[in-house]
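Residue-level listing of the chains:
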Amino acid sequence: MAAAEQPQEVKSKVAKVDSEESWDLFTTQADDRGCPVFVHFGASWCVPSLAMNTCFEELANSHQDILFLLVDVDEVKGVASRMEVKAMPTFVLMKHGTVLSKMVGANPEEMRKMVQCYVQFICPATTSE
């Protein structure tokens, strides 16, 4: 296969948080734009966390008005502690630093519902002001 025929690699819409500083930067920028943040707290050794990556990526691709972040709790322990993450995977939807919704466990359907609920019920209310 010639180089021109190879499929383009799709850039991930999920940003990986690799330090407390990057967490602060991402969340501050989102707050400044009034953008909600959806966070996947997981670990590289946690099979249920890894299994949720595809669904999380799909949501990020279809909801570009939400900032999707991936936090490895072993790499960024301070953020996991600050957000009171006790088990993986944990998913947190927040806006302006306030947790709107939190889900523990690998349940793709519930994760989709969490985002849809925000988009349908909270988002329209904040944009009509």
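**Q** Before we move on, can you summarise the nonpolar core with the specific residues and values?
**A** Of all hydrophobic cores here, the largest spans 21 residues; its most connected members are W23, F41, L69, V71 and M83. When neighbours within four sequence positions are excluded, V71 is seen to be in contact with V17, W23, V39, H40, F41, G42, V76 and V79. In this structure, V14, C55, F68 and F91 belong to the second largest nonpolar core, which totals 16 residues.

**Q** Which residues make up the pattern of salt bridges, and what are the values?
**A** As enumerated under the stated definition, the model contains six salt bridges in all. D24 is the partner of R82 in a salt bridge, and the nearest nitrogen-oxygen pair spans 3.1 Å. Residue R82 is located in helix α3 (residues 77-82), and its partner D24 is located in helix α1 (residues 20-33); the two are separated by 58 residues in the primary sequence. The shortest N-O distance in the salt bridge between E58 and R112 comes to 3.8 Å.

**Q** Requested: an account of the environment of E20, with residues and values cited.
**A** Mapped onto the elements of the fold, E20 is located in helix α1. A relative accessible area of 37% places E20 in the partly exposed class. Each C-alpha atom of the pair E20 and K77 lies 8.5 Å from the other, and the pair is 57 residues apart in sequence.

**Q** Give me the lowdown on the confidence of the model for the protein, citing residues and values where you can.
**A** Chain-level statistics for the protein give a pLDDT mean of 88 and a share of 86% at 70 or above. Counting contacts from residues 125-129, a segment whose pLDDT is below 50, to residues more than four positions away or on other chains yields one contact.

**Q** Break down the sheet that holds strand β2 (residues 37-42) for me, with residues and values.
**A** Spatially, β1-β3-β2-β4-β5 is the arrangement adopted by the five strands of the open sheet, whose pairing is mixed. Edge strands, defined here as strands with exactly one partner in the open sheet, are β1 (14-17) and β5 (98-104). Averaged over all pairs of adjacent strands, the angle between strand axes in this sheet comes to 25°, irrespective of strand direction. Both β2 and strand β3 (residues 67-72) contribute to a ladder of six bridges, which runs parallel. Paired with V37 across the bridge in β3 is L67. Here α1 sits on the sheet and contacts β1, β2, β3 and β4 (90-95); the angle it forms with β3, its principal contact strand, is near 165°.

**Q** Talk me through helix α2 (residues 47-62); I want residue IDs and the actual numbers.
**A** An α-helix turns once every 3.6 residues. As a result, residues three or four positions apart point the same way. With 16 residues, α2 extends 24 Å from end C-alpha to end C-alpha; this agrees with the ideal 22 Å at 1.5 Å per step. Considering bend angle alone, the principal kink of α2 is centred on N53 and spans about 35°.

**Q** Before we move on, can you summarise the pairing of β5 with the specific residues and values?
**A** Across six bridges, β4 lies against β5 in antiparallel orientation. Following the sheet pairing, M94 is matched in β5 by V99. Connecting the antiparallel pair β4 and β5 is a turn made up of two residues, with H96 showing a positive phi of about 50°.

Parameters at a glance
Residues numbered from 1 in each chain as written. Predicted model: local features only at pLDDT ≥ 70, side-chain atom pairs only at ≥ 80, totals over all residues. Heavy atoms only, no water. Core = buried A, V, L, I, M, F, W, Y, C linked by side-chain atoms within 4.5 Å. Buried < 20%, exposed > 50% of the residue type's maximum accessible area, 1.4 Å probe, protein only. Contact = heavy atoms within 4.5 Å. Salt bridge = Lys/Arg side-chain N within 4 Å of Asp/Glu carboxyl O. Helix = DSSP H or I, 4+ residues; strand = E, 2+ residues; numbered from the N terminus. pLDDT = per-residue confidence, 0-100. Pairing = 2+ DSSP bridges. Axes fitted to C-alpha atoms, helices over the stretch in contact; angles between N-to-C directions. Expected span 1.5 Å × (residues − 1). Bend = angle between axes of the 7 residues up to and from the residue.

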